[in-house]
Amino acid sequence: QYVWTSTSGLSGAQSDTIVVASGGGTVTGNYKTQYYLALVSDPFGVGVQTGEGWYDEGDSANISTDEFVDDDLTDGERYRFDGWTTADMTEIADSTAVSTTVYMDQAKIVTANYLIQYYLALDSDPSAVGTQTGEGWYDDGALADVSTDDNVDIVAGESRYHFTGWTTGDMTEIDDATAVSTTVYMDKAKTVTANYVTQYRVTFEQTGLNGTATGTVATYEVDSLGPATLEFPDFPEGLWVDEGEIVTYAYEILVASTTPGYQFWLSSVTGPASPITVDGAVSITGNYTELPKSAVTTSSLCPFDVDPVIGGQQFRLIFTQDPTNVSPFKLTASNPGQFYYNVFYIG
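Note that the structure is a prediction, hence the values are computed from the model and not measured.

Caption draft 1: Region of the structure containing the sheet that holds strand β16 (residues 216-222). Ordered in space as β17-β16-β19-β22, the 4 strands form an open sheet in which the pairing is antiparallel. Lying at the two open borders of the sheet, with one neighbouring strand each, are β17 (226-231) and β22 (276-277). Where β16 lies against β17, 6 bridges are found, and the strand directions are antiparallel. Each bridged residue has a counterpart across the sheet, and for Tyr 220 the counterpart in β17 is Ala 228.

Rendered as structure tokens:
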């Protein structure tokens, strides 16, 4: 459009009455060109754009729009400003800025473009366990990086929460539900939960075994972990077990010794008996004593058969430690049916 700017000649007014005198004269109306700036949004009707109107040719029009616009009909959904567009992009000073200027050299339409965003909420089960990162707004189709703690102490060294996996309404949207750090596909608003199980520390220990001990000392089995063998000197052995799981274990009655003629005898086990239903921290200890494997003594008072190897009359005493008392020992006959008289244990 053209807009009056001034009148020159016999009058300077836009509207006037002139008395025509001899000689006549000229009256000139002066105009300038203006262009109309129209502002729209895509999708239509999103946000409030300001700056639409008429501008003088060559002016820079100040325009702005909303950076974020909530969708009042859907929770967890909004629009994010994604830039201005027009036929000649060079006429926009900064097409990525919410507020910018447009050079007016012709009539034009400038569009505020928006993308849909969805909100990702992160939670834990049990509630408030660990620290989940990655909650927030994401563009439609984006992959959100999420992470949480693998283990969270309840009582240090005794109990903890252990991460077991992520869950959400559509599990296909989680790249790896078992990983502490993974990605979530954002195609709608959603809540993703980090799930934890309570675990307790189960510790296997020993007393009495020294550097001469060798071989298997104990075995155990847990449903979620499978069977395991404990070889000396792998003590103490600690493992984390889910609450409610069953642990079965057995300590070896005899453990080999590298000292000739000796071995370790299991005198007692301290701790709950096998099997154990885990509902708290547990410590189990096998208590051992190093003793001779057997003793061979000759006596003319005992009419045993002559030993074909060492000759002479002899009897064999096999010492088995009494599990209820570490001092007395039971004597097992190498020749059942015989009686022993005047038997002394020395050393």
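Moving on, there is more to tell.
Caption draft 2: Spotlight on the pattern of salt bridges. Per the stated rule, a full pass over the model turns up 9 salt bridges. Here Lys 108 ties to Glu 91 by a salt bridge, and the two come within 2.5 Å at their closest N and O atoms. Taken together, the residues Lys 108 in strand β8 (residues 108-125) and Glu 91 in the loop between β6 (77-85) and β7 (99-103) connect sequence positions 17 residues apart. Glu 91 matches Lys 108 in its accessibility class, with the two residues each being buried. Across the pair Asp 105 and Lys 108 runs a salt bridge whose closest N-O atoms are separated by 3.1 Å. The class for Asp 105 is partly exposed, based on a relative accessible area of 30%. When its relative accessible area of 7% is taken as the criterion, Lys 108 is described as buried. Via salt bridges that share partners, Glu 173, Asp 187, Lys 188 and Lys 190 belong to a single interconnected network.

Caption draft 3: Expanded view of a nonpolar patch on the surface. There is a patch of nonpolar side chains on the surface, built from Leu 10, Ile 18, Val 20 and Val 27 and spanning about 360 Å² of accessible area. With respect to the element layout, Leu 10 can be found in the loop between β1 (2-9) and β2 (27-42).

Caption draft 4: Quick peek at the nonpolar core. Counting residues in each nonpolar core, the largest one holds 25 residues, and the members touching the most others are Val 202, Phe 204, Leu 209, Val 217, Tyr 251, Ile 284 and Tyr 288. Elements with a minimum of two residues in this core: β14 (190-207), β16, β18 (237-242), β19 (246-251), β21 (262-270) and β23 (282-292). The leading source of residues in this core is β16, at 4 residues. Apart from the residues within four sequence positions on either side, Leu 209 is in contact with Val 217, Phe 232, Val 255, Phe 264 and Tyr 288.

Caption draft 5: Main features of the pairing of β2. With 7 bridges connecting them, β1 and β2 associate as antiparallel partners. Bridge pairing in β2 places Trp 4 opposite Tyr 31. The pairing of β2 with strand β3 (residues 53-56) spans 4 bridges and is antiparallel. Residue pairing across strands places Gln 34 opposite Asp 56, the latter belonging to β3. In this sheet, β8 lies alongside β2 in parallel orientation, the contact comprising 6 bridges. If you follow Ser 41 over to β8, its bridge partner there is Ala 112.

Caption draft 6: Region of the structure containing the environment of Pro 126. Along the chain, Pro 126 falls in the loop between β8 and β9 (136-139). Contacts of Pro 126, omitting those with residues within four sequence positions, involve Tyr 161 and Tyr 196.

Caption draft 7: Looking closely at the environment of His 162. Along the polypeptide, His 162 turns up in strand β12 (residues 159-167). A C-alpha to C-alpha distance of 5.2 Å links His 162 and Tyr 196, two positions 34 residues apart in sequence. Sequence-distant contacts of His 162, defined by excluding residues within four places in its chain, comprise Asp 150, Asn 151, Asn 195, Tyr 196, Val 197 and Gln 199. A polar contact is formed between the side chain of His 162 and the side chain of Asn 151, at a distance of 2.7 Å.

Caption draft 8: Representation of the packing of aromatic side chains. Summed over all chains, the structure comprises 9 aromatic pairs. One aromatic cluster is present, formed by Phe 204, Tyr 220, Tyr 249 and Tyr 251 through successive ring pairs. Its end group placed over the ring of Phe 68, Arg 78 keeps NZ or CZ at 3.8 Å from the ring centre.

Caption draft 9: The side chain of Asn 113, seen in detail. If you trace the backbone, Asn 113 turns up in strand β8. In this structure the side chain of Asn 113 is engaged in a polar contact, spanning 3.0 Å, whose partner is the side chain of Thr 85. The contacts of Asn 113, once residues within four sequence positions are left out, are Asp 42, Arg 80, Phe 81, Asp 82, Gly 83, Trp 84 and Thr 85.

Calculation rules
- Residues numbered from 1 in each chain as written.
- Predicted model: local features only at pLDDT ≥ 70, side-chain atom pairs only at ≥ 80, totals over all residues.
- Heavy atoms only, no water.
- Pairing = 2+ DSSP bridges.
- Helix = DSSP H or I, 4+ residues; strand = E, 2+ residues; numbered from the N terminus.
- Salt bridge = Lys/Arg side-chain N within 4 Å of Asp/Glu carboxyl O.
- Buried < 20%, exposed > 50% of the residue type's maximum accessible area, 1.4 Å probe, protein only.
- Patch = residues over 30% accessible without salt bridge, like charges linked within 9 Å, V, L, I, M, F, W, Y side chains within 5 Å.
- Areas by Shrake-Rupley, 256 points an atom, 1.4 Å probe, with all protein chains shown as cover.
- Core = buried A, V, L, I, M, F, W, Y, C linked by side-chain atoms within 4.5 Å.
- Contact = heavy atoms within 4.5 Å.
- Polar contact = N/O pair within 3.5 Å; in protein donor to acceptor, adjacent residues only side chain to side chain.
- Phe/Tyr/Trp six-rings, centres within 6.5 Å; stacked < 30°, edge-to-face > 60°.
- Lys NZ or Arg CZ within 6 Å of the ring centre and 35° of its normal.

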